[in-house]
Each structure stands twice: as structure tokens, then as C-alpha cells.
Amino acid sequence: MRKISLDKILQSQGFGTRKYCRSLIEDGEVSVNGVVVDDYRESFDTDNLTLRVFDDEWLYREHVYIALNKPANFECSRKPSHHPGVLTLLPEQFSWRDIQPVGRLDHDTTGLLLLSDDGPFIHKQSSPRHHVPKVYRATTAEPVTEALISTLLSGVQLHDEPEPLAAVSCRQTGEHEIHIILEQGKYHQVKRMLAAAGNHCAALERVAIGKLTLSALGLAQGEWTFLDAEQLALLVPVDFADLGE
Ligand code: URA
């Protein structure tokens, strides 16, 4: 059991500075498990704790794990320069928590992006040693050929990389479309691999991470959801036969 004072609980959930959270509590704007609490020193066990702040219900979460269907023209960088940042697609409350994207998608890449404020989780998911595959649907400018697929599978040498990089799986899904699976997340990796193999990436969407698929999440572009323990358990190395790849 972990008892924490209500002002600290509110601050940890992103409701604002400690001072602001105390004023919300003293103004009677906060209920805990259905009861208004106006003493910010009162402490609570955070397990299954439900807050109501103004009229919004909020389940206490020590950390948040979010899946976003990223639209084009948003940047994953913390200091976006040419387009709005992906964090602007989330409620403002999250800007008070240290939420970061897990890895990056290019501004014009769409699809599944994870975000969290759990440092070890971000680190683990970003590490190529963790071997969680990322599945991309790439639209190609030139028709897909067998030679393209076998080149991507056998590996291409990219500028600035010590060794050739290969897809762990790659298959044709349309005249101008492939599904390509990577375990690394190098800068512009799919686009550079396609260019090095003699084609060009016209559009890119990340459709799955491990066994967590965008289609199962059912998110329209720009929509997000919290991930539960069952969904987080899908972020694991994969036997590609299971993915049908
Ligand atoms: N590879 C790319 O080229 N771009 C991305 O956004 C992700 C993978």
C-alpha cells in the first residue's frame, strides 16, 4: 500500500503545479472515490484510486502508456521546428507529465506511435537488443519487384552505417506496396533502404509494433488510447509466422 497526500497525487497526474493543485482541492473541485476532499494533506492509497477534478473522472496511473495513430505533418521531436509536435494531439494535462514518444516517426510517416512517461519502458522498447519488430507498410514510387524484396532481405549498405542493414521480413502486398519488418530504428531507415535498393518510398505507415497492431486498436488518425497490461504484453519479439508475414 502506498499512501500519498492528495496535492502530490494531483500533481503527479499532471493537473498542474503543487500550488495550483492545492487551490483546486481547497476550492472543493476534487473528489476521491466519490467523496469531495478539501484538505490537501489528506493522503490516499493510490491503488484503484479514482479522482474527479471539475467534472472529469480520472483513474490514478503511476505511469501512462499511450498508443497514438500519428497523422502526417506532426513531428516527434521535443522541440518541433516545422510542424506541430505529436504531444499537441494529447490532452494538455499530459504536458505536465514527462511524456515522450518511444522512438520517432518522420513528420510524414503515419501510424502506430507509443508514448510514455516511464523511462525504463521507453529505454527497453527503444533498444534494438530488445528485438521488438516494427512493421511498416511502404508505398513505393516504382513497382515492387522480386529483386527489390530479395535486396531488402539480404541487406543494403547505408551511408554512415558500419554494416549492411537487412529487413527481418519483407513481402509484397500490392503492385506498389510492401510490408517490411525491422528490428532497428535508424534514421529514415525504411526510406533509405528503399532508395538504396533502387526504389523510392512514396508513403510510409507503421502498422504494428511486436504483436500490437494498429488495426486491433481501431484508432483513426489523430486518435489515441491508453494501453492496458494485456496490450503492453504484446510488445514482444515475434515469430513472423504468427504475424502472417
Ligand atoms: N523508417 C523511415 O524511413 N521513417 C520512419 O518514420 C520510420 C522508419
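As annotated in an unreviewed UniProt entry, the protein carries the name Pseudouridine synthase and is attributed to Undibacterium luofuense. Among the UniProt annotations of the protein, the heading Sequence similarities (unreviewed entry) holds the following wording: "Belongs to the pseudouridine synthase RsuA family." In UniProt, the protein has this text filed under Function (unreviewed entry): "Responsible for synthesis of pseudouridine from uracil-516 in 16S ribosomal RNA."

Colleague: Any details on the UniProt feature "domain: Pseudouridine synthase RsuA/RluA-like" (unreviewed entry) in the protein? Residues and values, ideally.
Modeller: UniProt feature "domain: Pseudouridine synthase RsuA/RluA-like" (unreviewed entry): in the numbering of this structure it lies at residues 65–196. Secondary structure across residues 65–196 divides into 19% helix and 26% strand, with the first and last C-alpha atoms of the span separated by 35 Å.

Colleague: Break down the UniProt feature "domain: RNA-binding S4" (unreviewed entry) in the protein for me, with residues and values.
Modeller: UniProt annotation of "domain: RNA-binding S4" (unreviewed entry) refers to residues 6–40 when read in the numbering used here. Summarising residues 6–40: 46% helix, 14% strand, and an end-to-end C-alpha distance of 5 Å.

Colleague: Talk me through the side chain of R206; I want residue IDs and the actual numbers.
Modeller: By secondary structure assignment, the location of R206 is in strand β13 (residues 201–209). Despite being buried, R206 has no salt bridge partner; D106 is the closest side chain of opposite charge, sitting 9.6 Å away. There is a polar contact of 3.3 Å between the side chain of R206 and the side chain of Y136. In this view, R206 contacts V102, L105, T110, G111, L112, L113, K134, V135, Y136 and L214; residues no more than four positions away in its chain are not counted.

Colleague: Run through the domain arrangement of the protein, naming residues and quoting values.
Modeller: Along its sequence, the protein is organised into domain 1 (3–59), domain 2 (65–127 + 216–235) and domain 3 (129–209). Taken over C-alpha atoms, the centre of domain 2 sits 22 Å from the centre of domain 3. Together, the buried faces of domain 2 and domain 3 total about 1200 Å²; carbon and sulfur atoms form 44% of this surface. If you sort the residues of domain 2 by the area they bury against domain 3, D106, L112 and S127 come out on top, with a joint share of 38%. Applying the counting criterion to the domain 2 and domain 3 interface returns two salt bridges. Between D106 and K191 there is a salt bridge, with its nearest N and O atoms 2.8 Å apart. Viewed at the interface, domain 3 and domain 2 are joined by eight residue pairs in polar contact (both at pLDDT 80 or more).

Colleague: Which residues make up empty space enclosed by the protein, and what are the values?
Modeller: Under the definition given, this model contains one cavity of 30 Å³ or more. Counted as a void, the largest cavity has a volume near 40 Å³. Lining the largest cavity, in full, are V102, L114, Q125, K134, R206 and I209. Split into classes, the residues belonging to the lining of the largest cavity amount to three nonpolar, one polar and two charged.

The rules we used
- Residues numbered from 1 in each chain as written.
- Predicted model: local features only at pLDDT ≥ 70, side-chain atom pairs only at ≥ 80, totals over all residues.
- Heavy atoms only, no water.
- UniProt positions renumbered as here; feature names shortened; annotations may be inferred.
- Helix = DSSP H or I, 4+ residues; strand = E, 2+ residues; numbered from the N terminus.
- Buried < 20%, exposed > 50% of the residue type's maximum accessible area, 1.4 Å probe, protein only.
- Lys, Arg positive; Asp, Glu negative; His and termini not counted.
- Salt bridge = Lys/Arg side-chain N within 4 Å of Asp/Glu carboxyl O.
- Polar contact = N/O pair within 3.5 Å; in protein donor to acceptor, adjacent residues only side chain to side chain.
- Contact = heavy atoms within 4.5 Å.
- Domains from an automatic or database assignment.
- Buried area = accessible area lost by both parts, 1.4 Å probe.
- 1 Å grid on protein atoms, 1.4 Å probe; cavity = no way out; pocket = protein on both sides within 12 Å on 5 of 7 lines; lining within 4 Å.
- Points joined across faces, edges and corners; volume = space filled by probe spheres on them.
- Nonpolar A, V, L, I, M, F, W, Y, C, P; charged D, E, K, R; others polar.

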